Amino acid sequence: MKNHMLAAAVSAAIAHPSIAADIFDEPPLPPRPEQRAPAPVQSLPVFHGRVAVMDGRTLWYPQYAQWVRLADIDACELPQWALNPKWETRDKIKAPPPVPCGPLAKAWLKRTVGNKSVECAVLGYSHDGLPLGHCATGGEDLALEMLRVGWARVASPYPVNGQYLTVQNYAMAARYGMWATYVLDMDEWRRKAVDKTLNRRPIADFNLLAERESEISPPFADARKKTKRTDR
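Since this is a predicted model, take the numbers as computed values, not measurements.

Attention now goes to the pairing of strand β4 (residues 66-70). Every regular strand shows the same layout, with side chains that alternate between the two sheet faces. The pairing of strand β3 (residues 58-61) with β4 spans 4 bridges and is classified as antiparallel. Bridging from a neighbouring strand, Thr58 pairs with Arg69 of β4. In sequence, β3 turns back onto β4 through a hairpin of 4 residues, with Ala65 there showing a positive phi of about 50°. Bridge count between β4 and strand β9 (residues 131-137): 2 bridges; the pairing is parallel.

Have a look at this one:
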């Protein structure tokens, strides 16, 4: 029966070529999509070499003409002042002794780097476009060392290195570096400080602290609430 039907179809196709086209011709294949090579994955740069220390969290590679900021930490800006909570002579002076937390942070980072080569692996970019890097020299993580001596704080609640918070907590408990001072949160300082030049006077930061929204120092007996000593 099948052979009979096939023979009939062939006969019809011979008699009518248009029918043959409908029966035996395959429909044209759709055009193939254009084959494109996959986009190359852009790897983040790694910088090597000698650096200049610009402040407590920023390095400058002259050979690349490139700034790199230490990832996951923050430090006082160069014009920023902290204050010594030991205000022993408040009847003679109107503000606690100033502590140059910005220059001290820079000095500690510079001391750690010395003349050694620094490798910075870029992890991402800040909101202002600066590379954020994990930077090390001589096997030392520079951000970790800044946290260890108390002249930087953790900037992220989830730092890449889990040791950062542990080291910071130890420095806070030991009152190392800026943790022994009254110091305004750096982000608040950047928002509120009008004069950000190196000629900034310490009294300006004393006034900011008096109206602070937040601070990063561990609790001290607040100097503003101390009663005047009368046992002198």
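The structure having been displayed, the exposition proceeds.
With that out of the way, let us pick up the confidence of the model for the protein. Any residue range with low pLDDT should be treated as having predicted coordinates unsuitable for detailed reading. Taken as a whole, the protein shows an average pLDDT of 82; of its residues, 74% reach a score of 70 or greater. Of all secondary-structure elements in the protein, the lowest mean pLDDT belongs to helix α2 (residues 17-24), at 44, while β3 reaches the highest, 98. Low pLDDT, under 50, characterises residues 18-25; the stretch is placed with 4 contacts to residues that sit more than four places away or in other chains. Between residues 223-232, whose pLDDT stays under 50, and residues either more than four places distant or in other chains, the model counts 13 contacts.

What follows is about helix α3 (residues 101-113). One turn of the α-helix equals 3.6 residues, which is why residues spaced by three or four share an orientation. Taking 1.5 Å of rise per residue, the 13 residues of α3 would be expected to cover 18 Å, and the 18 Å separating its terminal C-alpha atoms lies within 8% of that figure. Turning to α3, its buried residues number three or more, namely Cys101, Gly102, Ala105, Leu109, Thr112 and Val113. Seen end-on, α3 carries its buried residues on one side only, within an arc spanning 110°. Among the exposed residues of α3, those pointing more than 90 degrees away from its buried face are Lys110 and Arg111. Backbone geometry just downstream of α3 places Gly114 in the positive-phi region, at approximately 60°.

Definitions and limits used
Residues numbered from 1 in each chain as written. Predicted model: local features only at pLDDT ≥ 70, side-chain atom pairs only at ≥ 80, totals over all residues. Heavy atoms only, no water. Pairing = 2+ DSSP bridges. Helix = DSSP H or I, 4+ residues; strand = E, 2+ residues; numbered from the N terminus. pLDDT = per-residue confidence, 0-100. Contact = heavy atoms within 4.5 Å. Expected span 1.5 Å × (residues − 1). Buried < 20%, exposed > 50% of the residue type's maximum accessible area, 1.4 Å probe, protein only. Arc of directions from axis to C-beta.

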